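# Topology and contacts: notes
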Amino acid sequence: MPVEVLEDKVILKDSKGSSAEVYYFGATVTSWKYRGKELLFLSKKSLLDGTKGIRGGIPIIFPQFAKATDSSAETAALPQHGLARISKFEWNGVSVDNESEVSVRFGLNNSQVPENLQKDWPKKFKLIFTVTLNDDTLKTNLSVKNEDTAPFDFNVLLHTYYSVPDISKVSVEGLQNISYIDKVKNFITVVDNDKSVKFTQETDRIYGNVPTEIIKINISDESNEAFLLQRINLKDSVVWNPWIDKAKGMSDFDDDEYKQMVCVEPGHVAEYITLKSEESWEGGQIIQYKH
């Protein structure tokens, strides 16, 4: 059976032995295994009981990314990273099931959001999150519909945590000559002149308007293993590793786990998307594992 529906999550399996797991809480993809090999990072300290956002996998960030600095912003009262990742999605069933791929869908509307968060962002909306597994490829797609009578603004991002054996050997290609906001260095704007991003310290960058079709995440300089990331209608990319001090400051993240993960996160976060009443927006990512 390619899809196993459990009390707290859904497990997808394809005909070649690959699998993925998606929790209803946040519709967070917590595991993607290529024929048994885990490709996503999930902290061993992450809570999976719905009391806190899941630390790892692919959390859905909506309707804001960072905590709004402008107190007049519609999302200003919301917590950092918004409400989707800390709301329980409903199971919308299997949408594709054939020899080549299996695809499942999850939904969230404003009435299913915790009451305190509804008050913080009283907009009527509907999200549909689709996860598609095809052997060495994982696709995640989010659609947003404004069901309110007035327009609203939102950010969106797929906060993907990749599992790596050693962060010091990881490099990210495809961001050369693109300007980024450096959150570590007081939000200064810098142009990336390096052929690839490498990790020797805390890294937290927002690359805006990235034209690159494929971003390549090289898992190690000693092998051909890599992730090829294709973004769909998500113009920005965040690159993050907390490094030593930030790792120690996170209660749901082990002190040394920064060595085992890197986040390359497609999103629309440098500015807001404005969605008119009854209109829809859609975006996502396609990740291929090369080995």
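Fair warning: this is a prediction, and the values are worked out from it, not measured in the lab. (Residues numbered from 1 in each chain as written. Predicted model: local features only at pLDDT ≥ 70, side-chain atom pairs only at ≥ 80, totals over all residues. Heavy atoms only, no water.)

## Some words on the overall build of the protein chain
Of the regular secondary structure elements, the protein chain holds two helices and 22 strands. Principal-axis analysis of the C-alpha atoms gives the protein chain an extent of 55 × 50 × 35 Å. For the protein chain, buried positions account for 53% of its 291 residues. Long-range contacts, defined here as pairs at least 24 residues apart, represent 65% of the contacts in the protein chain between residues at least 6 apart. Counting only carbon and sulfur atoms, one obtains 44% of the accessible surface of the protein chain, whose full area is about 13,000 Å². Here the protein chain contributes 34 positively and 43 negatively charged side chains, and the mean placements of these two sets differ by 1 Å. (Helix = DSSP H or I, 4+ residues; strand = E, 2+ residues; numbered from the N terminus. Buried < 20%, exposed > 50% of the residue type's maximum accessible area, 1.4 Å probe, protein only. Contact = heavy atoms within 4.5 Å. Areas by Shrake-Rupley, 256 points an atom, 1.4 Å probe, with all protein chains shown as cover. Lys, Arg positive; Asp, Glu negative; His and termini not counted. Charge placed at Lys NZ, Arg CZ, Asp CG, Glu CD.)

## Let's talk about the side chain of S87
When you line up the elements, S87 lands in the loop between strand 6 (60–61) and strand 7 (90–97). If we skip the residues at most four places from it in the chain, S87 touches Y24, F25, G26, L108, V113 and P114.

## Examining the packing of aromatic side chains
Evaluated as defined, the whole model comprises 18 aromatic pairs. Measuring from centroid to centroid gives 5.1 Å for W121 and F152, while their planes differ by 70°, and the two rings are edge-to-face. Pair noted here: W121 is in the loop between helix 1 (115–120) and strand 9 (125–134) and F152 is in strand 11 (residues 152–158), with a separation of 31 residues, a long-range link. Residue classification places F152 among the buried residues on the basis of a relative accessible area of 1%. (Phe/Tyr/Trp six-rings, centres within 6.5 Å; stacked < 30°, edge-to-face > 60°.)

## Thoughts on the UniProt feature "binding site: substrate" (unreviewed entry) in the protein chain
Those residues carrying the UniProt feature "binding site: substrate" (unreviewed entry) are R55, Q80 and R85 in this numbering. A maximum C-alpha distance of 13.7 Å places the annotated residues, which cover 31 residues in sequence, within one compact spot. Accessibility expressed as a relative area gives 18% for R55, which makes it buried. By the element assignment, R85 lies in the loop between strand 6 and strand 7. Classification of R85 by relative accessible area gives partly exposed; the value is 22%. (UniProt positions renumbered as here; feature names shortened; annotations may be inferred.)

## Focus: the sheet that holds strand 5 (residues 37–38)
If you walk across this open sheet you meet the five strands as 1-2-3-4-5, and the pairing is antiparallel. Single-partner strands in this sheet number two, and they are strand 1 (3–5) and strand 5. For strand 4 (residues 29–34) and strand 5, the ladder comprises two bridges, and the chain directions are antiparallel. Bridge assignment links Y34 to a residue of strand 5, and that residue is K37. (Pairing = 2+ DSSP bridges.)

## Considerations on the UniProt feature "active site" (unreviewed entry) in the protein chain
According to UniProt, the positions carrying the feature "active site" (unreviewed entry) are H159 and E265. What stands out for the annotated residues spanning 107 residues is how close their C-alpha atoms remain, the widest pair being 4.9 Å apart. Counting through the fold element by element, H159 comes out in the loop between strand 11 and strand 12 (161–163). Owing to a relative accessible area of 7%, H159 belongs among the buried residues under this scheme. The residues touching H159, leaving out its near neighbours within four places in the chain, are G57, I58, P59, I61, H81, W240, C263 and E265. Mapped onto the fold, E265 is located in strand 21 (residues 261–275). If near-sequence neighbours (up to four positions away) are discounted, E265 is found in contact with F65, L157, L158, H159, T160, D236, S237, V238 and W240.

## Re the sheet that holds strand 9
Pairing is antiparallel in the open sheet, where nine strands are placed in the order 7-8-9-10-22-19-18-13-16. At either margin of the open sheet sits one strand with a lone partner, and together these are strand 7 and strand 16 (196–198). Adjacent strand axes in the sheet meet at a mean angle of 20° when their direction is disregarded. With ten bridges joining them, strand 9 and strand 10 (residues 137–146) adopt antiparallel strand pairing. The partner of L133 across the bridge, within strand 10, is L138. (Axes fitted to C-alpha atoms, helices over the stretch in contact; angles between N-to-C directions.)

## Looking at the pattern of salt bridges
Applying the stated criterion across every chain, the model contains 16 salt bridges. For K37, the salt bridge goes to E225, with nearest N and O atoms at 3.7 Å. With a gap of 188 residues between them, K37 in strand 5 and E225 in the loop between strand 18 (214–218) and strand 19 (226–232) connect regions that are remote in the sequence. Using a relative accessible area of 39% as the deciding quantity, one classes K37 as partly exposed. One salt bridge in this structure joins D204 and K183, with 4.0 Å as the shortest N-O distance. A residue pair is termed long-range when its members are at least 10 positions apart, and D204 in strand 17 (residues 203–207) and K183 in the loop between strand 14 (179–182) and strand 15 (188–191) qualify at 21 residues. (Salt bridge = Lys/Arg side-chain N within 4 Å of Asp/Glu carboxyl O.)

## Structural notes on unusual backbone geometry
Of the consecutive residues F62 and P63, the connecting peptide bond is found in the cis state with omega at 0°. Within the element layout of this structure, P63 appears in the loop between strand 6 and strand 7. Despite not being glycine, N209 shows a phi value in the positive range, around 50°. Here N209 is to be found in the loop between strand 17 and strand 18. For N209, a relative accessible area of 55% corresponds to the exposed category.

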